[in-house]
Amino acid sequence: MIYPYIPHTDADRRAMLKAIGVESIDDLFSGLGADLLLEDSVPISHGRTEDEVQRMIDSIAQRNVRGIPFLGCGCYDHITPATVRALSSLPSFVTAYTPYQAEMSQGLLQAIYEFQSMICEITGLDVANASLYDGANAAVEAASLMLAAKRKSRVVLVSETIHPFALKVLNTWALGTEHSITLIPQLDGTADLEKLESMLGDEVAGLIVQTPNRYGLLEDYTSVAERLHANGSLLTISADPLSLAIQKSPAEWGADIAIGDTQALGLPLAFGGPSCGYMAVSQALLRRIPGRVVGATVDSQGRRGYTLTLQAREQHIKRERATSNICSNQALAALMTTIHLSSLGWGGMVEAAQQSYAKAHYLAYHLAQLPGVTLVWDKPFWCEFPLVFSDAKRMRKFLQELRNEGIFAGVRLSSLTRKSADELVLLVAVTEKRSREELELYLAAARRVLK
Amino acid sequence: MSKILENLRYSKDHEWVRIDGQRAFVGITDHAQAELGEIVYVELPPVGERYEQGEEISTVESVKAASPIVNPVEGVVVEANENLDGSPELINEDCYANHLYVLSPFDQSQYDGLMSADEYATFLASL
Amino acid sequence: MSEPLLIDLSKPGRKAYCYPPLDLPRGFDQALPELPPELQRQTAARLPEVAELDVVRHFTRLSSLVHGVDNGMYPLGSCTMKYNPKLGEHIAAMDQFTQIHPLQDISTVQGCLSVMYNLLEDLSSITGMSWGSLQPCAGAHGEYTGLKMIRSYFLKRGETERVKVLIPVSAHGTNPASAAVVGFDVVEVKSNKEGLVDVEDLASKLDHTVAALMLTNPNTLGLFETDILKISEMVHKAGGLLYYDGANMNAIMGMATPGDMGFDVIHLNLHKTFSTPHGGGGPGSGPVMVNDRLRPFLPKPDIELTDSGYVYRWDDEDSIGKVSMFWGNFLVILRAYVYILRMGSEGIKAASRHAVLNANYLASKLGQRISIPYGKLCMHEFVASASALKQQYGVTAQDVAKALIDEGYHPPTVYFPLIVDEALMFEPTESESVESLDRFIEAFLRILDLAKDDPKILKDAPHHCPVGRLDEVRAVKEPDLRY
């Protein structure tokens, strides 16, 4: 069998083996010994041609059903300019590795520098890294950073209103370590920060909050940073970066660390990945930010160039003394966000955020008129809101009927939290991409079901 | 051959300690700075905090290495050498004239237990 | 040639993208509640305001300043920079995958789940393990996940005293960092004079406080740990577990399995072994695969095939929980699945055999002129030392690397592993033809000649790039990290 990804001919193999001075390729594996060498091929299928694979994948893909998504919970269907896919699939971007050799990676390094700059501009903070795995892992890195920044601390306060999966990822991180997570309870859908004072102590490294939070609600952090700083603790705000086009930025709240996921900025739904975690920090935390960081400098002739920098922070140098182990990140996804933001500009970002706001409020307003559902908490939201049903049967019927119309009506909160208390909560997300027709289709179907 | 000053005491982690009255000055040795190469950053400890002997108190970085500073004697940090903030290379230029921080009060008996110049020279030779 | 920052081309009023106008009823538009003032943003962010063609030219020019596998040979050791088939890119761009939301009803995502389930089956077969999780987003993330599981396993058994992870000095930096992040103490294991694990040193460190030994096999010198069965028996006898860093799995696919070697948990790098592109540093994918002992501890949710199709399983009480926001880097997972479908059982074996053939061919030719301190034969990679060049001509591994850039090649990994002085670590992969290797060898030998004849040229290399060697000290001392 000929493999197009392996260029060797029989003559090549013979000549190469002769040059090496062995009889056969098997001789090169003699070190494995008879105990380990497999006698048979591993039990997976035989190879297929390109066409056969495409047909097989086509049939698998048909088992995915697409609908008009009013789904959010950390992954949103926004409009993406055509430039994003076209430019991010340029082969040298796709097939390069981490830009260890700066001289032959200037384009990638400069793009990361632009990404860092844009994340700083959007969050209002001073320094950003080249990306993290996703929003949940950015929360883990923020927790580690805050613990490392405060001597003898071991507790991270986390709002109960952060994304349920991010909370799960944080709990896994704390498992079996000296660190612990203490939850700040919620009150009417937002973090009850009145409780903060009583929970602060020497052992508290900092607080992680999220806005828009797990219900889509916007939270008010007035004086939170001051209270934390007075205790020598730090504030981390997790935010959908697109929401920051209209809501107060982490820096404006006085946060030390901003985290989140750039999925809303140019990345497809893609069954949840790859997305792209981001982190920005204040100048004081510059040397503690995890992951890769690109900096501008000059060469011996004074020409401006870009390079990976501040590497003494990283795992390959600090090894067991490192506070983060991240090596590969989500570079290509970060590039997509950079292209997306370059295409939109600030005006475009504000437009997308405002239209999402308007359309979400339009749908919410009209749904609230219907019997059997309520918008429980009268709190500000952006592009996603919690719709609470009077009973589970009605909710099931609602979801089923709308799916029959080709509409994915929302995410059941209980599918994330696995809690019966959340069973009647449906999270409905509306982005600028949802057309008026799609909104009216949703409303018409909802009116039929909720008579 | 590393430079070693007679009137100082030394730790196995290559820090030196100099006593001036009630104050103990702490820096890194010539051996340590040479191992690191060109120093680009010094993380200074917060003033007012008490550190135990053997506790990691700060970090000195070159481009391709990061070396923890292990506090050689227990004490309270009363001063960090702010000169190093913009000019970490001062340590390469003269590591004994440029301390990292000052402890006061400090543990005299732990100081007495550190190596003398001769002992440190022997220790270096054994590495 | 240099490219300005896009922000510097900005001109107020220019746009590269226009949104459709908001088409809500006029009345509603006016009645829309304002965001409360205390929640409103006060300051604008500075983002580029340019036309679409400006964006296109900017990123196209930037891409021309990057070297990828598609541009030329990329023998970066331990990174397995093999060819990334275009079919994978084509399939990963299909709307039926890119437009699927992770929280859709399970009945509408059976295609995605089928890809993940079948990939897990294939990876289990290839590694000789029972099952796995595709959640980890990268190799280091896989290490973290695997070590978390080991931690949970011992906590569950009440063996709280097992706090140490043994790691060879030659290991990747992520190994000790991952162990530390998970809360383990790291203890180094020495290498013997052959570059393999020093079994006596290992024996002296094995006791009731050891949770695991982390190994890469073949190791970072490209050498197979021939004592592996003895080593795994020793570790298991002492009550510890074995962790396999799969970074070098491209050497043994289809030839041997980590399962047979006695490993309890392994991570794979789909972006290395299974040909998914590296994307300039990610996204990758680092699945963890385990044997039955650790299976209950896998991240949630697991995927199960039932009579009514694929379902998530959330109910494993011993599970460590979640390590990613959703289910992992799905589009990377999909590409790896496509690669395995394409190659099949014989194909993956052929890939490893030719990766090893290529590495030995390169080593046999380069070894005539430069020292390869460890091993006569190698697996998929080998480590040369520029130590003699440095002594004789003052030419370092770094100088050689930069000179290779001038020849149009991405250099090998330099200064790693730490146990080789002036290390140059080559991994040609199976993708390169003999002619391609011969051209590389010629270029390398030219550089060795220059080291003797005109070392200054090497010290000043690269000469044909948009920038020369950059002032890294300045980059750290005066950080310029944003516009």
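For the structure itself, consult the block above.
What counts, and at which threshold
Residues numbered from 1 in each chain as written. Chains lettered and ligands numbered in written order. Predicted model: local features only at pLDDT ≥ 70, side-chain atom pairs only at ≥ 80, totals over all residues. Helix = DSSP H or I, 4+ residues; strand = E, 2+ residues; numbered from the N terminus. Rg over C-alpha atoms; globule rule 2.2 N^0.38 Å. Core = buried A, V, L, I, M, F, W, Y, C linked by C-beta atoms within 7 Å. Buried ≥ 20, exposed ≤ 12 C-beta atoms within 10 Å, placed from the backbone. Contact = placed C-beta atoms within 7 Å. Expected span 1.5 Å × (residues − 1). Arc of directions from axis to C-beta. Nonpolar A, V, L, I, M, F, W, Y, C, P; charged D, E, K, R; others polar. Pairing = 2+ DSSP bridges. Axes fitted to C-alpha atoms, helices over the stretch in contact; angles between N-to-C directions. Bend = angle between axes of the 7 residues up to and from the residue.

### A look at the overall build of chain B
Reasoning step 1: Scanning chain B for helices and strands turns up 5 helices and 9 strands.
Reasoning step 2: Starting at the N terminus and walking to the C terminus, you meet the elements of chain B as β-β-β-α-β-β-β-β-β-α-α-β-α-α.
Reasoning step 3: Its C-alpha atoms give chain B a radius of gyration of 13 Å, within 12% of the compact-globule value 14 Å for 127 residues.
Reasoning step 4: C-alpha extents for chain B along the principal axes are approximately 35 × 35 × 20 Å.

### Brief notes about the nonpolar core
Reasoning step 1: Ranked by internal contacts, the top residues of the largest apolar core, which has 346 residues, are Ala139(A), Met279(A), Tyr243(C) and Ile333(C).
Reasoning step 2: Setting aside chain neighbours within four positions, we find Ile333(C) in contact with Val115(C), Met116(C), Leu119(C), Leu134(C), Leu270(C), Ser285(C) and Gly328(C).

### Some thoughts on the interface of chain A and chain C
Reasoning step 1: The interface of chain A with chain C comprises 172 residues on the first partner and 171 residues on the second.
Reasoning step 2: Per element, the largest residue contribution to the side of chain A that touches chain C is 21 residues, and it comes from helix H13 (residues 331-367) of chain A.

### Notes on helix H2 (residues 52-64) of chain C
Reasoning step 1: For H2(C), spanning 13 residues, the distance from its first C-alpha to its last is 19 Å, which sits close to the expected 18 Å at 1.5 Å a residue.
Reasoning step 2: Buried residues of H2(C): Val55(C), His58(C), Phe59(C), Leu62(C) and Ser63(C), and no others. With its buried residues spanning 130° around the axis, H2(C) presents them on a single face.
Reasoning step 3: Buried-residue contacts for H2(C) involve helix H5 (82-88), helix H6 (91-95), helix H7 (106-123) and H13 of chain A.

### Some remarks on the interface of chain B and chain C
Reasoning step 1: Taken together, the contact between chain B and chain C spans 4 residues of the former and 4 residues of the latter.
Reasoning step 2: Looking at the side of chain B that touches chain C residue by residue, the class counts come to 3 nonpolar, no polar and 1 charged.

### With respect to the sheet that holds strand S7 (residues 204-210) of chain A
Residue and element names in this part refer to chain A.
Reasoning step 1: Strand order in the open sheet formed by 7 strands is S2-S10-S9-S8-S7-S3-S4, with mixed pairing between adjacent strands. Both outer strands of the open sheet, strand S2 (127-128) and strand S4 (180-184), are each paired with one neighbouring strand and no more.
Reasoning step 2: Here 3 bridges tie strand S8 (residues 234-238) to strand S9 (residues 257-261), and the two strands are oriented parallel to one another. In the sheet register, Ser238 faces S9, and the bridge partner there is Ile259.
Reasoning step 3: Those strands touched by helix H8 (residues 135-149) are strand S3 (155-159), S7, S8, S9 and strand S10 (277-281), and its axis lies near 160° from that of S9.
Reasoning step 4: Running at roughly 150° to S4, helix H9 (residues 164-174) makes contact with S3 and S4 of the sheet.

### Some words on the pairing of strand S9 (residues 101-106) of chain B
Reasoning step 1: Two elements, strand S3 (residues 23-28) of chain B and S9(B), share 3 bridges in a ladder whose sense is antiparallel. Following the sheet pairing, Phe25(B) is matched in S9(B) by Val102(B).

### Considerations on H13(A)
Residues and elements named next belong to chain A.
Reasoning step 1: For H13, with 37 residues, the first-to-last C-alpha span of 40 Å runs short of the 54 Å given by 1.5 Å per residue.
Reasoning step 2: In H13, a bend of some 95° at Gly345 exceeds every other bend along the element.
Reasoning step 3: In terms of residue burial, H13 counts as a mostly covered element, since 29 of its 37 residues are buried.

### Description of the environment of Ala368(A)
Residues and elements named next belong to chain A.
Reasoning step 1: Along the chain, Ala368 falls in the loop between H13 and strand S13 (373-374).
Reasoning step 2: Taking the number of C-beta atoms within 10 Å as the measure of exposure, Ala368 has 12 and is therefore exposed.
Reasoning step 3: For the pair Ala368 and Val388, spaced 20 residues apart in sequence, the C-alpha separation works out to 9.8 Å.
Reasoning step 4: Look past the residues within four positions of Ala368 in its chain and what remains in contact with it is Thr374 and Leu375.

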